[in-house]
Amino acid sequence: MSSEDREQYDVVVVGGGPGGSTLAALVAMRGHRVLILEKETFPRYQIGESLLPSTIHGVCRMTGVAEKLAAAGFTPKKGGTFRWGANPEPWTFSFSVSPKIAGATSHAYQVERSKFDTILLEHAVEKGAEVRFLASVSDVLEDGERVTGVRYTDAAGTEHEVRATYVVDASGNGSRLHKRVGGTREYSQFFRSLALFGYFEGGKRLPAPNAGNILSVAFESGWFWYIPLTPDLTSVGAVVRRENADRIQGDPERALMALIDECPLIKEHLSDATRVTEGQYGQLRVRKDYSYHQTTFWRPGLVLIGDAACFVDPVFSSGVHLATYSALLAARSISSSLAGIVSEEAAFTEFEARYRREYGVFYEFLMSFYDMHVDEDSYFWSAKKVTHNQHTELESFVELVAGVSSSEFDLDGAESAALRMKSKSAEFVSAIDEMSTDAEGNMTPLFRSSAVRQAMQEGAQVQSRAFLGEDLGPDVPMFPGGLITSDDGMLWQPGPA
């Protein structure tokens, strides 16, 4: 075996997407040796084009890439516009209403992922990480219970082994390594959908100042996303239930146009548009948007981040947020453990608890959001029908609880979960109704909804820490006996005694 095959790094990252690049940059900034193994070459196509403010103004500010993103010319996204719920008129969610996301931070971007991901990866290299393209990781190396590296094949078909103190799986939903942490991948019984999507030129835009918003439109068979990537280019996708998979079989062009015909608002926006048929956007694609979570996120020497660990329905653009947020949490754990500040067990227990919480918050948030779209005749929107069971309403909701299988709940826990979801859904409906009768478009009622506040809470905290550092004041544990964040947000520290 050559000397190259005995290479040793502090961290090997599998996958060069936003999660992998973010973690690599953060760990390299602490002076550690980091290698990224990416199976493709960049730039490359990827879906997941609508971002959230905490990614841009929180995590990306911490890595130092935020200024590059600001200069890249991506479409500013001030919020989201929805045709959703009983109200027939579209309504808008604006980031600027929250006092925690105001002024210069009250926007995100709509991004072409081929450009966005390349910027993040190149920035990680600038920060000291090394990257190898066309490197396909096949398995991990082990020493007893600990993962000690990876085995990969290069473009010429030559197999290599690289040793590392930590291996980070950031390779997405197609991960080969997620089973190596132990546990199983548990799939949601509600969020099991198929997305058929493509790209159009010449599509209409919402009136200013919301021209850059994502437009999400519910219709009988599911919902559409409509993302303005550039002044002329629009990402358009239809999300339908798995049981309606026959709707998108055969000719994808005919299938997409039939779904567009079923949704008048999207059809009107595309009335003067033509579908892109060449280049990276020329293909109509189908993706299984099956929400899932791994029952274990880490073991000694190996940690899962982003979609390798969990995925939740994309209606609120949480994909890149969860990837970069989990990268930040895992980077803190790795750097803190390598520095001997806290034990590995404590560091990664904190990582998993916080990541599961954030995933669960978005899952519950989305359950409430879907539940507010009341259409008893629509198969897509009936949680009780989706579960294919004859249980009570209470039991049906138990099967849909965020991030936890129903077998882990006793009756009291199940009842409280069901009531919580119903309560949050009712809050949404009340807030939207109140907004629709406000002539000035006041968004305050929506932010009184506990589901909205909770979903934005941790992202706002990351954002504030990135801007204010020690001026924000000392952190407090998220969980009893848990760890706290250092002033610069880069490390874990023991909580107060």
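Note that the structure is a prediction, hence the values are computed from the model and not measured.

Brief notes about the overall build of the protein
Step number 1: The helix and strand tally for the protein stands at 13 helices and 21 strands.
Step number 2: Put simply, the protein has 497 residues, and 58% of those count as buried.
Step number 3: Sequence-distant contacts, at least 24 apart, represent 72% of the contacts inside the protein between residues at least 6 apart.
Step number 4: Element-wise, carbon and sulfur atoms account for 50% of the exposed surface of the protein, whose accessible area totals about 19800 Å².

Brief notes about the confidence of the model for the protein
Step number 1: For the protein, per-residue confidence averages 80 on the pLDDT scale, and 75% of positions sit at 70 or higher.
Step number 2: Low confidence marks residues 374-422, where pLDDT is under 50. Its contacts with residues over four positions away, or in another chain, come to 82 contacts.
Step number 3: Across residues 439-449 the pLDDT falls below 50, and counting only partners more than four positions away or on other chains, this stretch makes 28 contacts in the model.

Observations regarding the pairing of strand 9 (residues 146-153)
Step number 1: Across seven bridges, strand 8 (residues 136-143) lies against strand 9 in antiparallel orientation. When the sheet's bridge partners are listed, Leu-141 is paired in strand 9 with Gly-149.
Step number 2: Two successive antiparallel strands, strand 8 and strand 9, enclose a turn made up of two residues, where Gly-144 displays a positive phi of approximately 70°.
Step number 3: The pairing of strand 9 with strand 10 (residues 159-169) spans five bridges and is classified as antiparallel. Each bridged residue has a counterpart across the sheet, and for Gly-149 the counterpart in strand 10 is Arg-163.

A closer look at the pattern of salt bridges
Step number 1: Counted under the stated rule, the structure contains 20 salt bridges.
Step number 2: Put simply, Lys-204 and Glu-268 hold a salt bridge, and the shortest N to O gap is 2.6 Å. Here the residue Lys-204 occupies a position in the loop between strand 11 (185-201) and strand 12 (214-219), and Glu-268 occupies one in helix 6 (residues 264-269), the gap between them amounting to 64 residues.
Step number 3: A residue is classified by how much of its surface remains accessible, and Glu-268, at 36% relative accessible area, is partly exposed.
Step number 4: For Asp-307, the salt bridge goes to Arg-287, with nearest N and O atoms at 3.7 Å. Of this pair, Asp-307 sits in the loop between strand 18 (302-304) and strand 19 (310-311) while Arg-287 sits in strand 16 (residues 285-294); the two residues are 20 residues apart in sequence, bridging distant segments of the chain.
Step number 5: Under the relative-accessibility criterion, Arg-287 is labelled buried at 17%.
Step number 6: Among the charged side chains, a salt-bridge network with shared partners connects Asp-139, Glu-142, Arg-180 and Arg-299.

Description of the packing of helix 1 (residues 18-28) against helix 2 (residues 53-63)
Step number 1: Running from N to C, helix 1 and helix 2 point in directions that differ by 45°, and their axes come no closer than 8 Å. Accordingly, the angle class assigned to the pair helix 1 and helix 2 is oblique. Where helix 1 approaches helix 2, its residues Thr-22, Ala-25 and Leu-26 are matched on the opposing element by Val-59, Met-62 and Thr-63.
Step number 2: Taken together, the residues of the contact of helix 1 with helix 2 break down into four nonpolar, two polar and no charged.

Observations concerning helix 7 (residues 319-338)
Step number 1: For helix 7, with 20 residues, the first-to-last C-alpha span of 28 Å sits near the 28 Å given by 1.5 Å per residue.
Step number 2: With 18 of 20 residues buried, helix 7 lies mostly within the body of the structure.
Step number 3: Phi turns positive one or two residues past the end of helix 7, at Gly-340, with a value near 70°.

As for the environment of Phe-479
Step number 1: Of note, Phe-479 is situated in the loop between helix 13 (450-468) and strand 20 (484-485).
Step number 2: A relative accessible area of 26% means that Phe-479 is categorised as partly exposed.
Step number 3: Counting along the chain gives 126 residues from Phe-479 to Ala-353, while the straight-line C-alpha distance between them is 8.4 Å.
Step number 4: Those residues in contact with Phe-479 that sit more than four places away from it in its chain are Glu-350, Ala-353, Arg-354 and Arg-357.

As for the environment of Val-140
Step number 1: By the secondary structure assignment, Val-140 is in strand 8.
Step number 2: The sequence separation of Val-140 and Arg-180 amounts to 40 residues, and the corresponding C-alpha distance is 7.8 Å.

Let's talk about the packing of aromatic side chains
Step number 1: For the structure shown, the criterion picks out 17 aromatic pairs.
Step number 2: Among the aromatic residues, those joined into a ring-pair cluster are Tyr-166, Phe-297, Trp-298, Phe-348, Phe-351 and Tyr-355.
Step number 3: Seen from the ring of Trp-492, Arg-332 lies directly overhead, with NZ or CZ sitting 4.9 Å from the centre.
Step number 4: Here the guanidinium or amino end of Arg-356 rests over the ring plane of Phe-297, the centre of that ring lying 4.0 Å away.

Remarks on the nonpolar core
Step number 1: Residues Val-11, Val-13, Leu-23, Leu-69, Trp-225 and Phe-351 are the most contacted members of the largest nonpolar core, which totals 103 residues.
Step number 2: In terms of residue count, the dominant contributor to this core is helix 7 (nine residues).
Step number 3: Split by domain, this core shows at least three residues from each of two domains, domain 1 (8-74 + 106-188 + 291-368) and domain 2 (194-288).
Step number 4: When near neighbours in sequence (up to four residues on either side) are disregarded, Val-13 contacts Gly-20, Leu-23, Ala-24, Val-34, Leu-35, Ile-36, Leu-37, Val-168 and Ala-170.
Step number 5: One finds Leu-256, Leu-259, Leu-284 and Tyr-290 within the second-largest nonpolar core, a separate group that totals 23 residues.

Looking at unusual backbone geometry
Step number 1: A cis amide bond, omega -5°, links Phe-42 with the succeeding residue Pro-43.
Step number 2: By the element assignment, Pro-43 lies in the loop between strand 2 (34-37) and helix 2.
Step number 3: Backbone torsion omega between Ala-208 and Pro-209 reads 10°, so that peptide bond is classified as cis.
Step number 4: Within the secondary structure layout, Pro-209 lies in the loop between strand 11 and strand 12.
Step number 5: Despite not being glycine, Leu-134 shows a phi value in the positive range, around 55°.
Step number 6: Turning to its location among the elements, Leu-134 is positioned in the loop between strand 7 (130-132) and strand 8.

Describing helix 1
Step number 1: Within helix 1, 11 of the 11 residues are buried, which leaves the element mostly enclosed by the surrounding structure.
Step number 2: Of the positions making up helix 1, those classed as buried are Pro-18, Gly-19, Gly-20, Ser-21, Thr-22, Leu-23, Ala-24, Ala-25, Leu-26, Val-27 and Ala-28.
Step number 3: Each element contacted by the buried residues of helix 1 is listed here: strand 1 (8-14), strand 2, helix 2, helix 4 (113-126), strand 10 and helix 7.

Calculation notes
Residues numbered from 1 in each chain as written. Predicted model: local features only at pLDDT ≥ 70, side-chain atom pairs only at ≥ 80, totals over all residues. Heavy atoms only, no water. Helix = DSSP H or I, 4+ residues; strand = E, 2+ residues; numbered from the N terminus. Buried < 20%, exposed > 50% of the residue type's maximum accessible area, 1.4 Å probe, protein only. Contact = heavy atoms within 4.5 Å. Areas by Shrake-Rupley, 256 points an atom, 1.4 Å probe, with all protein chains shown as cover. pLDDT = per-residue confidence, 0-100. Pairing = 2+ DSSP bridges. Salt bridge = Lys/Arg side-chain N within 4 Å of Asp/Glu carboxyl O. Axes fitted to C-alpha atoms, helices over the stretch in contact; angles between N-to-C directions. Parallel < 35°, antiparallel > 145°, perpendicular 65-115°, else oblique. Nonpolar A, V, L, I, M, F, W, Y, C, P; charged D, E, K, R; others polar. Expected span 1.5 Å × (residues − 1). Phe/Tyr/Trp six-rings, centres within 6.5 Å; stacked < 30°, edge-to-face > 60°. Lys NZ or Arg CZ within 6 Å of the ring centre and 35° of its normal. Core = buried A, V, L, I, M, F, W, Y, C linked by side-chain atoms within 4.5 Å. Domains from an automatic or database assignment.

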